[in-house]
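So the chains spell out like this:
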Amino acid sequence: MIEVIHFTKRYGEFVAVDDLSFAIGKGEIFGFIGPNGAGKSTTIRFLATLLRPTSGEGRIAGHSVTADPMAVRRVIGFMPDDFGVYDGMKVWEFLDFFAVAYEIPRSARKKIIGEVLELLDLSHKRDDYVNGLSKGMKQRLCLAKTLVHDPPVLILDEPASGLDPRARLEMKALLNELRRMGKTILISSHILSELADFCTSIGIIERGKLLAAGSIQTIQQQIRSHRVIKVELADDATDRAAGMLRDDPSIRMVESFDHTVTAEFEGQDADMARILGRLVSSGIAVQSFAEEPLSLEEVFMMITKGIVS
Ligand SMILES: Nc1ncnc2c1ncn2[C@@H]1O[C@H](COP(=O)(O)OP(=O)(O)OP(=O)(O)O)[C@@H](O)[C@H]1O
């Protein structure tokens, strides 16, 4: 649904984004992660048809960002990182303004605005002035205005920035709901934990270059030499289990504590199965045996430090 193809943006001599390529499939939530100044907004503004590339191309639902920007605008809902609100406008008028801009007929507008307000839990604020809304509600309203023309693709630039923890959770729940509705979503953030538990894939950008992209699982699998196995035991055989793990050629380092043994693992999936088989067949009561997933933070730190690519 979203393709970025060798996108480069220069400001004079400065290269803000350098030959960026990635693709996002239908129904995915893609987390676009990078520190301040990495080039996220530049890429997003390019996809939203608001910025011309120095070179490269983008496609959304098959439409060219450079050759057919009007078609692209019809299929995307874009939430910028700083959105202006208009003085003296009520919540429903704000949405109506965008509905008119998207050429939604007058007869359909009232119903659509009602539905969008309901979805975003803003129905009770329908007649309030936009200026008087809390930050969290303004963000929700901004998300609401990206939905009035029911676009299949949402491009959201840091939608949770500046929100308190409760409003962040609400924003997350909303994004999950939108995904269930079949939307394809690109969402940027410099806060990794914000995206970790609901993105289906991520792209990590730093100083204009894409360091890694793909499903979180794929990226984690690239970090083969840093896998960790955690074994929990139902009996007192911690030392015996730790000893067996230590003797295995695919294990590097073992730590044990209470009824838990953790081990750094360098083997293949089949080696994991073999180790589990040995523990069980030697009579050790294994309560659980699993690979410890790396957090997105850990993955990000390793990628940006150049440990993996
Ligand atoms: N109009 C411009 N003229 C010159 N440099 C620019 C312009 N717009 C952006 N830049 C630079 O390009 C780089 C990428 O900026 P961009 O806003 O895309 O980063 P970002 O990843 O979105 O950061 P943030 O998280 O702070 O929004 C930055 O170094 C920025 O200073």
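None of these values were measured; they are calculated from a predicted model.

On to the site of the ligand, then. Close to the ligand lie 13 residues; Ala-16, Asn-36, Lys-40, Ser-41 and Thr-42 are nearest. At the level of secondary structure, the elements contributing two or more residues to the shell around the ligand comprise strand E2 (14–24) and helix H1 (40–47). Counting residues per element, the shell around the ligand draws most heavily on H1, at 3 residues. Residue classes in the shell around the ligand are distributed as 4 nonpolar, 7 polar and 2 charged.

Take the sheet that holds strand E6 (residues 76–79) next. Reading across the sheet, the 6 strands line up as E6-E7-E8-E3-E9-E10 and stay open at both edges, with mixed pairing between neighbours. Looking at strand neighbours, the two that pair on one side only are E6 and strand E10 (209–215), the edges of this open sheet. On average, each strand axis in the sheet is inclined to that of its neighbour by 10 degrees, with strand direction left out of account. Examined bridge by bridge, strand E3 (residues 29–33) and strand E8 (residues 184–189) share 5 bridges and lie parallel to one another. Pairing of Phe-30 across the sheet is with Leu-186, part of E8. Across the sheet, H1 touches E3, strand E7 (153–157), E8 and strand E9 (201–206), and the angle it forms with E7 is around 150 degrees. Packed onto the sheet, helix H6 (residues 165–180) meets E3, E7 and E8 and runs at close to 155 degrees relative to E8.

Given a rise of 1.5 Å per residue, 16 residues ought to cover 22 Å, and the 23 Å separating the end C-alpha atoms of H6 matches this to within 8%. When we look at burial in H6, the residues that qualify are Met-171, Leu-175 and Leu-178. Projection of H6 onto a plane perpendicular to its axis shows the buried side chains occupying an angular sector of 60 degrees, all on one side. Among the exposed residues of H6, those pointing more than 90 degrees away from its buried face are Pro-165, Arg-166, Leu-169, Ala-173, Glu-177 and Arg-180. Where H6 is buried, its residues touch E3, helix H5 (135–145), E7 and E8.

What counts, and at which threshold
- Residues numbered from 1 in each chain as written.
- Predicted model: local features only at pLDDT ≥ 70, side-chain atom pairs only at ≥ 80, totals over all residues.
- Near = placed C-beta within 6 Å.
- Helix = DSSP H or I, 4+ residues; strand = E, 2+ residues; numbered from the N terminus.
- Nonpolar A, V, L, I, M, F, W, Y, C, P; charged D, E, K, R; others polar.
- Pairing = 2+ DSSP bridges.
- Axes fitted to C-alpha atoms, helices over the stretch in contact; angles between N-to-C directions.
- Contact = placed C-beta atoms within 7 Å.
- Expected span 1.5 Å × (residues − 1).
- Buried ≥ 20, exposed ≤ 12 C-beta atoms within 10 Å, placed from the backbone.
- Arc of directions from axis to C-beta.

Keep in mind these values describe shape, not function.
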